[in-house]
Amino acid sequence: MNGKQLFQKILPLYMAFLGLFISNAWANPMNTPNSRAPQPITVMPITILPSNEPPDWRDFRTLSAHPNGEEIFFVECHKDLPENCRVLRLHLKTSALSYYALPKGYAHLEAYLSPSGKKLAMVRVSQQVTSIHENLERKEIAIMNSDGSGLEVLPLASGPKTMPKFNANDDRLAFWRSKPRKPGSKTLAADYDVYEYDFKTGKEYAFGASYRFFQGGEIHYLLGGDELLVKADVPLAEEGRLGMNTQDYRKRYSNYIFRLKRGQTDWVAPLFADESFEGLWQPALGRDGELVFDATPPKVGSTSIYRHKTSGGFLKWSRGEGKGSTWDVFGTAALSYSALVGNQLIGIFSNYAAQGDQSLKRFLTLDMQSGEWRAMNIPPLSTAKALPVSMK
């Protein structure tokens, strides 16, 4: 088995650590205490519009939207691609699809557009892999201008990295890095903390205290650039401080969206800890500062889309139940990645019948004004035009 074949075999394992939803952040969302009476939820009407086109099941990963509202950026992987994965750019009005002709020998697993629309941050790994653990340690973060110029690899410490996100000024980059895998551990990586790279000084540093999150997901800079909104699984350091095990922590806090301040060292609890949600995932921020996320109501097996208003309270769009639901009509299950384009939520949803195959996904959109759910098919990879890439 050569390096490329081995890489293709282990590639899906990398994505188990991403909990990715992608969008741009310009403003500070909620100013919500972590302990308070539950906020009101307004149920919005929905319409599910079937499509005559066949399902577009492909291996889509990561998603972000240009601030002009006309383009989205995402990654698609396929075993027949020489580079395994391609960073794609789709014009929403014309359906013109293009890809960045990035250097050979690397698979670019993640790609995120900056809030300004001027920069792209990517996570890449060498295709000349010798072992999955070595390749995790050698993950790199590369950046370039969104026109394909100025490609460079940041001089960062080794270790598994994910979710690199620019701030509003494109002069700082936040990302997750985990500690090396412990001998005998069943997990490939754990103990994730947020780090930041300062382009003015050329230095990286811990964003705040080491909370040792079990997994790290979405990262969004908030207004002012001194705070982050992050999606993350159980902070292992807090378990010890609170005298809880992981099961107890998850019973107390079923929501995993946190607000972190630069240099913060005190205890951190999830946002909306006292709201009526069994789970809260995949946060996205609109330009108006409102937070949109996927969550499961208590004692209900299906997830819904929620929008937390800056004035307080939530708006809720369900995905329906049983026959006629998005599960039934579109065959989709969990929301994996998403982006906000005005009042439209664009999401990448996993395959409901995939039986654990996390690589099969398709696009759906939710118009949060009309309440319409629609399928969104992406042009074939074979139609994508190459965009030239140049080194810095």
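Preceding this section is the structure that the text describes.
Bear in mind that the values here come from a model prediction, so they are computed numbers and not experimental data. (Residues numbered from 1 in each chain as written. Predicted model: local features only at pLDDT ≥ 70, side-chain atom pairs only at ≥ 80, totals over all residues. Heavy atoms only, no water.)

Asker: When you look at the pattern of salt bridges in this model, what are you seeing that I'm missing?
Answerer: Between side chains of opposite charge, a pair can form when the charged atoms approach closely. This model, assessed by the stated rule, comprises 19 salt bridges. One network of salt bridges, in which partners are shared, links Arg172, Glu196, Asp198, Asp226 and Arg262. (Salt bridge = Lys/Arg side-chain N within 4 Å of Asp/Glu carboxyl O.)

Asker: Before we go on, may I ask you to explain the packing of aromatic side chains in this structure?
Answerer: Each aromatic ring pair is specified by the distance between its two centres and by the angle formed by the two planes. With the rule as written, the count across this model stands at 13 aromatic pairs. Centroid distance Phe293 to Phe314: 6.0 Å. Interplanar angle 85°. Geometry classified as edge-to-face. Highlighted residues: Phe293 in strand β19 (residues 291–296) and Phe314 in strand β21 (residues 314–317), separated in sequence by 21 residues. Residue Phe293 is classed as buried on the basis of its relative accessible area, which comes to 1%. Residue class for Phe314 comes out buried when judged on its relative accessible area of 1%. Here the aromatic rings of Tyr306 and Phe314 are separated by 6.5 Å at their centres, their planes lie at 90°, and the arrangement is edge-to-face. The burial state of Tyr306 is the same as that of Phe314; both residues are buried. Grouping aromatic residues by their ring pairs yields a cluster made of Trp176, Tyr211, Phe213 and Phe258. If you follow Arg124 out to its NZ or CZ, it ends over the ring of Tyr106, 3.6 Å from the centre. (Phe/Tyr/Trp six-rings, centres within 6.5 Å; stacked < 30°, edge-to-face > 60°. Helix = DSSP H or I, 4+ residues; strand = E, 2+ residues; numbered from the N terminus. Buried < 20%, exposed > 50% of the residue type's maximum accessible area, 1.4 Å probe, protein only. Lys NZ or Arg CZ within 6 Å of the ring centre and 35° of its normal.)

Asker: Can you help me understand the sheet that holds strand β10 (residues 152–153) in this one?
Answerer: In sheet architecture, strand pairing relies on hydrogen bonds along the backbone and comes in two forms, parallel and antiparallel. Reading across the sheet, the 4 strands line up as β7-β8-β9-β10 and stay open at both edges, with antiparallel pairing between neighbours. Of all strands in the sheet, those bounded by a partner on one side alone are β7 (106–113) and β10. Bridge analysis of strand β8 (residues 119–126) against strand β9 (residues 140–145) gives 6 bridges, and the strand direction is antiparallel. Of the residues in β9, the one forming a bridge with Lys119 is Asn145. (Pairing = 2+ DSSP bridges.)

Asker: Help me understand the sheet that holds strand β24 (residues 361–367) in this model?
Answerer: Here 5 strands make up an open sheet; going across it, the order is β2-β25-β24-β23-β22 and the pairing mixed. In the strand order of this sheet, the two ends are held by β2 (47–48) and β22 (332–341), each with one partner. Bridging between β24 and strand β25 (residues 372–376) involves 4 bridges; their strand directions are antiparallel. Directly across from Phe363, in β25, lies its bridge partner Met376.

Asker: Looking at this structure, how should I read the state of the cysteines?
Answerer: By definition, a disulfide links two cysteine residues through a covalent bond between their sulfur atoms. This structure, assessed with the given rule, holds 1 disulfide. Two residues share a disulfide in this structure: Cys77 and Cys85, whose sulfurs sit 2.0 Å from each other. Looking along the S-S bond of the Cys77-Cys85 disulfide, the torsion reads about 105°, which is the right-handed sense. (Disulfide = S-S within 2.5 Å.)

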